[in-house]
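Take a look at the letters that make up each chain.
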Amino acid sequence: MNTLELKGNKEPDEQKSSVEISGSQAVLDAMISEGVDTIFGYPGGAIMPIYDALYDYNDRLKHILVRHEQGAIHAAQGYARSSGKTGVVFATSGPGATNLVTGLADAMIDSNPIVCITGQVFASLLGTDAFQETDVVNITTPVTKWNYQVTDASEIPEAIAKAFHIASTGRPGPVLIDITKNAQLQLFEYSGYQKCNHIRSYRPEPEIRTEYLEKAAQIINEAKKPFVLFGQGVILGKAEEEFKKFIEKANIPSAATVMGLSALPSDHKLHVGMLGMHGNYAPNVMTNECDVLIAVGMRFDDRVTGRLDKYAKQAKVIHLDIDPAEIDKNVKTTVPVWGNCKKTLPLLTELVKEADHSDWLNKFRELEKEEIKEVIQDELNPKGDIMTMGEVIKTLNELTNGDAIITTDVGQHQMVACRYAKFNNSKSSVTSGGLGTMGFGLPAAIGAWYGAPEKTVVAIIGDGGFQMTLQELGTIMQFGAKVKILILNNEFLGMVRQWQQLFHDKRYSFVNITSPDFVALAKAYYIDGQKISERKDLKSALETMINHDGAYLLEVMVGKENNVFPMVTQGSSVSEIRLK
């Protein structure tokens, strides 16, 4: 268990009159005090007292009963990503808690603010291998930002206050509070809930160093070929406008990581595409051509860098990040700029000079034309009879005008959606980036809809990933989330098949996947849908899906052996990206 002091959150002169309440009531009062409106969860024996208390809070807290605890935490991730708030999960002990582990790992690597409350056996039974007892604290330590086990009700308010503070500040992440059943039942003197805004042993934001900002500005002002890489840190820092002002003043071409998509509108004049293994040709190639590389709120993941010993060796590197651990972790920086980019970007913008890098930007556009000719034209406007994933996304763009929230699962459809979906608004792209969790797309879409119910939410999913969490159709059926489910069915585990084709002599080993009748399955959950396999039906089917008042499932049959290009193959430099 990560240790943070649970003492001294209140000043001596702030004592309030107390009332006697149960630990379970304290949990729910904490949720209301933190502004929680939606909880995703699944009851069980060890968390039953909290659910019993929840019966009296139905008018103040919305609880969404998922069909599997993994669905709960992915939904909470989707909620956090679309709303900018902290997602909340309730689960019971034993298998209920262990079912959260994949989602915790996903939230940890993708910096999603989540608070999980798990029930635990009575404190007197801890360590006895009691029914549904697992050591959830030690199990989840590597995949949480902080976790803590409560065995006495009096600790609950302060523990939860710290949980929300830690989850949502600095570099966000998941926090788990494990509460024994006796603590849930125990009555104690409650003096009211007090939010946490300081923990002595926790510093969420590093000190901003003026000398580094000045040095960074000097390098940028002297650059002839500067290039900005931006990640989710821009979104998490709510720094979209600050980021836009920075790149516009210095006129710097900018490319997004997968997690950074939607931080900058897709059609912005300085947006030159997506980085990474299946990213755009120009930003990958030009990474090894620029003279200054400016990374904002991204972590130089291996999918972005390719071979590190051949990555941007010619460039001076400026890295803006809130997490000092990311500085120099993978790519050696010339100048580190620690701090929240909401604060550091305006300071840097003041110091940089207006510049004209039109000739440099045009080099990106020339390479973009090459990618359009070799890859994009055939993907978005195929000449054959078989539909492509790209043309489905292109048609979806035409109907949503880039205003929809797009969630994806993981695989070929994910990379195609990230490459071609248009985003006008921040917090519109919800995908599993670092962990690459199949089964993420559907529950994340449910959560994203609750986080932004005024938006159209489209879950783009492959036929493989959909079958990992399709039980969450029951959650949609019961609670009415108006999620649009778009299954791109190529009858393969497509990304694995692509690798087997390219690197294993087309020895297709267990990648042919048989699927049920998805439309009939949806109808069993009282969700309307249809299946199409011809291009002439595509636009009208998508229109029906978008305009339907409620959830809808559309299955589109696409090419079985189409590959996603460009591609930076494993062990290659980003400048060795393949167009075919």
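Here we summarise the structure given alongside this text. (Residues numbered from 1 in each chain as written. Predicted model: local features only at pLDDT ≥ 70, side-chain atom pairs only at ≥ 80, totals over all residues. Heavy atoms only, no water.)

What about the packing of aromatic side chains?
No. 1: Tallied over the full model, the rule gives 14 aromatic pairs.
No. 2: Taken together, a centroid distance of 5.7 Å and an interplanar angle of 25° make the contact between Trp146 and Tyr148 stacked.
No. 3: Connected via pairs of aromatic rings, a cluster forms that spans Phe40, Tyr79, Trp449 and Tyr450. (Phe/Tyr/Trp six-rings, centres within 6.5 Å; stacked < 30°, edge-to-face > 60°.)

With respect to the sheet that holds strand S3 (residues 62-65)
No. 1: Within the open sheet, the 6 strands sit side by side as S3-S2-S4-S5-S7-S6. Their pairing is parallel. Lying at the two open borders of the sheet, with one neighbouring strand each, are S3 and strand S6 (146-150). When the angles between neighbouring strand axes are averaged without regard to direction, this sheet yields 20°.
No. 2: Here strand S4 (residues 87-91) pairs with strand S5 (residues 114-120) via 5 bridges, running parallel. Bridge pairing in S5 links Val88 to Val115.
No. 3: Seen against the sheet, helix H5 (residues 101-109) touches S5 and strand S7 (174-180) and runs at an angle of roughly 145° to S7. (Pairing = 2+ DSSP bridges. Helix = DSSP H or I, 4+ residues; strand = E, 2+ residues; numbered from the N terminus. Axes fitted to C-alpha atoms, helices over the stretch in contact; angles between N-to-C directions. Contact = heavy atoms within 4.5 Å.)

Observations concerning the pattern of salt bridges
No. 1: The final tally for this structure, using the stated rule, is 23 salt bridges.
No. 2: The partner of Arg171 in a salt bridge is Glu326, and the shortest N-O contact between them spans 2.7 Å. Of this pair, Arg171 sits in the loop between helix H7 (156-168) and S7 while Glu326 sits in the loop between strand S13 (316-321) and strand S14 (335-338), placing them 155 residues apart in sequence.
No. 3: For Glu326, a relative accessible area of 6% gives the class buried.
No. 4: A cluster of three or more residues bridged by salt bridges with shared partners is formed by Arg171, Asp323, Glu326 and Lys329. (Salt bridge = Lys/Arg side-chain N within 4 Å of Asp/Glu carboxyl O. Buried < 20%, exposed > 50% of the residue type's maximum accessible area, 1.4 Å probe, protein only.)

Some details on the pairing of S4
No. 1: Buried residues dominate S4, accounting for 5 of its 5 residues.
No. 2: Relative to S4, strand S2 (residues 38-41) runs parallel, the two sharing 2 bridges. Each residue of the ladder has a partner; that of Gly41, found in S4, is Phe90.

Side note on the packing of helix H16 (residues 389-400) against helix H23 (residues 538-547)
When two helices pack together, their arrangement is given by the angle between the helix axes and the distance between those axes.
No. 1: H23 packs onto H16 with a crossing angle of 50° between their chain directions and a minimal axis gap of 10 Å. Our classification of the angle between H16 and H23 gives oblique. Considering only the axes of H16 and H23, their crossing is right-handed. Contacts between H16 and H23 involve Glu391, Val392, Thr395, Leu396, Leu399 and Thr400 on the former and, on the latter, Leu538, Lys539, Leu542, Glu543, Met545 and Ile546. (Parallel < 35°, antiparallel > 145°, perpendicular 65-115°, else oblique. Left-handed = near helix turned anticlockwise from the far one by under 90°.)

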